Amino acid sequence: MADNSKKSANHQKGDPNTTGHSWDGIEEFDNPMPRWWVWIFILCVIWSVGYWVAFPAWPGMNQATSGVLGYASRSDVAEEIAEFEARHDVLFAQILETEPGELVQNEDLHRFAVNAGASVFAAQCSQCHGAGGAGVQAGGFPNLLDDDWLWGGTTEDIVQTVTYGIRNEDYMDARYSEMPAFGRDELLSEEEIRQATHFVLSLSGSDHDAQLASAGAEVFDYNCSSCHGAGGEGDTFLGAPALNDQIWLYGGSEETVYETIYNSRFGVMPGFTDRLREAEIRAVAAYVHQLGGGE
């Protein structure tokens, strides 16, 4: 005898049993899954078991199972990286064979050097000089987008700076110069420092006190011109900044210039000769050189 316990009053002749569920009077037929769907499901289960056996799938304490085939997507990535590095090594070798100043004459090689240098800059230099090379004035990190260079702006000069750095204790060939602390070491009186401050401001056309600047001209001539030049033009051999423009390493306000003269500045840059390959140093030098329209 047929079981009619799951048939409602709305059930019509020929309808299958219902699941017994009802939502707002709507009932659900208890139809079996289509046979084709069941077979696909079974095949998927069989395929998944085969996949677990053939490929890495099960996590362990230190690593996943390697699978019978020993396949790993990481190995594919490693092979692709090795392939590209092999191609790049050829170009890096060409960079080493080319004088830094002559690199720009080979358009394709220069383009590669700039692109490779951009990657090196992003990884090694942007933390101080900014992602775009604009520098951080508050920290005394130079802006690399202008054509004002502390130690020279030729590609060779930049290679030297990147290779050994500035005022660090790691390399004998690091760029080195030291500005006296005229106030802290009592080389000048506070009034003389104020006078020199306003003279420096006058050199760049900044707002200044003309009377103090006039008196500061002599102070500057005796104490500062030997490094910064009589007209404040600077000296790249000494790394002495030009003072006759509106480009400031630490800032050009009266307070900042006074602080610089009083306590001096002593910015340090690491050398990268032990961190980067020589070809990478030349590449990043090419990148920096074209950022600011290098010399």
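Above this text sits the structure in question.
An account of the accompanying structure is given in this report. Keep in mind that this is a model prediction, so the values were computed, not measured. (Residues numbered from 1 in each chain as written. Predicted model: local features only at pLDDT ≥ 70, side-chain atom pairs only at ≥ 80, totals over all residues. Heavy atoms only, no water.)

### What about the overall build of the chain?
Then, in step 1: Helices and strands together make up the secondary structure of the chain, namely 10 helices and 2 strands.
Then, in step 2: When the elements of the chain are put in sequence order from the N terminus, they spell out β-β-α-α-α-α-α-α-α-α-α-α.
Then, in step 3: A compact globule built from 295 residues should have a C-alpha radius of gyration of about 19 Å, whereas the chain, at 36 Å, is more than 25% larger.
Then, in step 4: A separation threshold of at least 6 residues defines the contact pool for the chain, and within that pool the share at least 24 residues apart is 52%.
Then, in step 5: Within the structure as shown, the chain displays about 18700 Å² of accessible surface, and the carbon and sulfur contribution to it stands at 54%.
Then, in step 6: Side-chain charges of the chain comprise 15 positive and 45 negative groups, with the mean position of each set lying 18 Å from the other. (Helix = DSSP H or I, 4+ residues; strand = E, 2+ residues; numbered from the N terminus. Rg over C-alpha atoms; globule rule 2.2 N^0.38 Å. Contact = heavy atoms within 4.5 Å. Areas by Shrake-Rupley, 256 points an atom, 1.4 Å probe, with all protein chains shown as cover. Lys, Arg positive; Asp, Glu negative; His and termini not counted. Charge placed at Lys NZ, Arg CZ, Asp CG, Glu CD.)

### Considerations on the environment of Leu103
Then, in step 1: On the secondary structure map, Leu103 appears in the loop between α2 (73-97) and α3 (107-124).
Then, in step 2: Spatially, the C-alpha atom of Leu103 lies 9.1 Å from that of Thr155, the residues being 52 residues apart in sequence.
Then, in step 3: Not counting chain neighbours up to four residues away, the residues in contact with Leu103 comprise Ile95, Thr98, Leu109, His110, Ala113 and Ala286.

### Focus: unusual backbone geometry
Then, in step 1: Unlike most non-glycine residues, Arg167 shows phi in positive territory, near 55 degrees.
Then, in step 2: Its place among the elements puts Arg167 in the loop between α5 (155-164) and α6 (190-203).
Then, in step 3: For Arg167, a relative accessible area of 15% puts it in the buried group. (Buried < 20%, exposed > 50% of the residue type's maximum accessible area, 1.4 Å probe, protein only.)

### Some points on the side chain of Glu280
Then, in step 1: Its location among the elements puts Glu280 in helix α10 (residues 278-291).
Then, in step 2: You can call Glu280 buried: its relative accessible area is 19%.

### Notes on the pairing of strand β1 (residues 18-23)
The two faces of a sheet get side chains in turn, since along a regular strand they alternate between them.
Then, in step 1: Sheet topology places β1 next to strand β2 (residues 26-29); 3 bridges connect them, and they run antiparallel. What sits directly across from Trp23, in β2, is Ile26.
Then, in step 2: A loop of 2 residues connects β1 with β2, the two strands running antiparallel in sequence, and Asp24 in this loop sits at a positive phi of about 55 degrees. (Pairing = 2+ DSSP bridges.)

### Digging into helix α7 (residues 210-223)
An α-helical turn contains 3.6 residues, so a residue and the one three or four places further along point in the same direction.
Then, in step 1: An ideal rise of 1.5 Å per residue puts 20 Å on 14 residues; α7 measures up with 20 Å between its terminal C-alpha atoms.
Then, in step 2: The sharpest bend along α7 measures roughly 35 degrees and falls at Gly216.
Then, in step 3: Regarding α7, the residues found buried are Leu212, Ala213, Gly216, Val219 and Phe220.
Then, in step 4: Against α6 and α8 (225-228) lie the buried residues of α7.
Then, in step 5: For α7, the capping residue at the N-terminal end is Asp209, with a side-chain oxygen 3.0 Å from the backbone nitrogen of Gln211. (Expected span 1.5 Å × (residues − 1). Bend = angle between axes of the 7 residues up to and from the residue. Polar contact = N/O pair within 3.5 Å; in protein donor to acceptor, adjacent residues only side chain to side chain.)

### Looking at α5
Then, in step 1: Looking only at α5, the buried set comprises Thr155, Ile158, Val159, Thr161, Val162 and Thr163.
Then, in step 2: The elements touched by buried residues of α5 are α10.
Then, in step 3: Just downstream of α5, Gly165 is the residue with a positive phi angle, here 80 degrees.

### Things to note about the pattern of salt bridges
Then, in step 1: All chains considered together, the criterion is met by 8 salt bridges.
Then, in step 2: Measuring nitrogen to oxygen at the nearest pair gives 3.4 Å for the salt bridge that ties Asp89 to Arg277. Of the two residues, Asp89 is situated in helix α2 and Arg277 in the loop between α9 (254-263) and α10; the sequence distance between them amounts to 188 residues.
Then, in step 3: The class for Arg277 is partly exposed, based on a relative accessible area of 41%.
Then, in step 4: Arg282 is paired through a salt bridge with Glu278; the nearest N and O atoms lie 3.0 Å apart. With a gap of 4 residues between them, Arg282 and Glu278 both fall in helix α10, about one helical turn apart.
Then, in step 5: Overall, the relative accessible area of 47% leaves Glu278 in the partly exposed class.
Then, in step 6: In the salt-bridge network here, residues are joined through shared partners; they are Asp89, Arg277 and Glu280. (Salt bridge = Lys/Arg side-chain N within 4 Å of Asp/Glu carboxyl O.)

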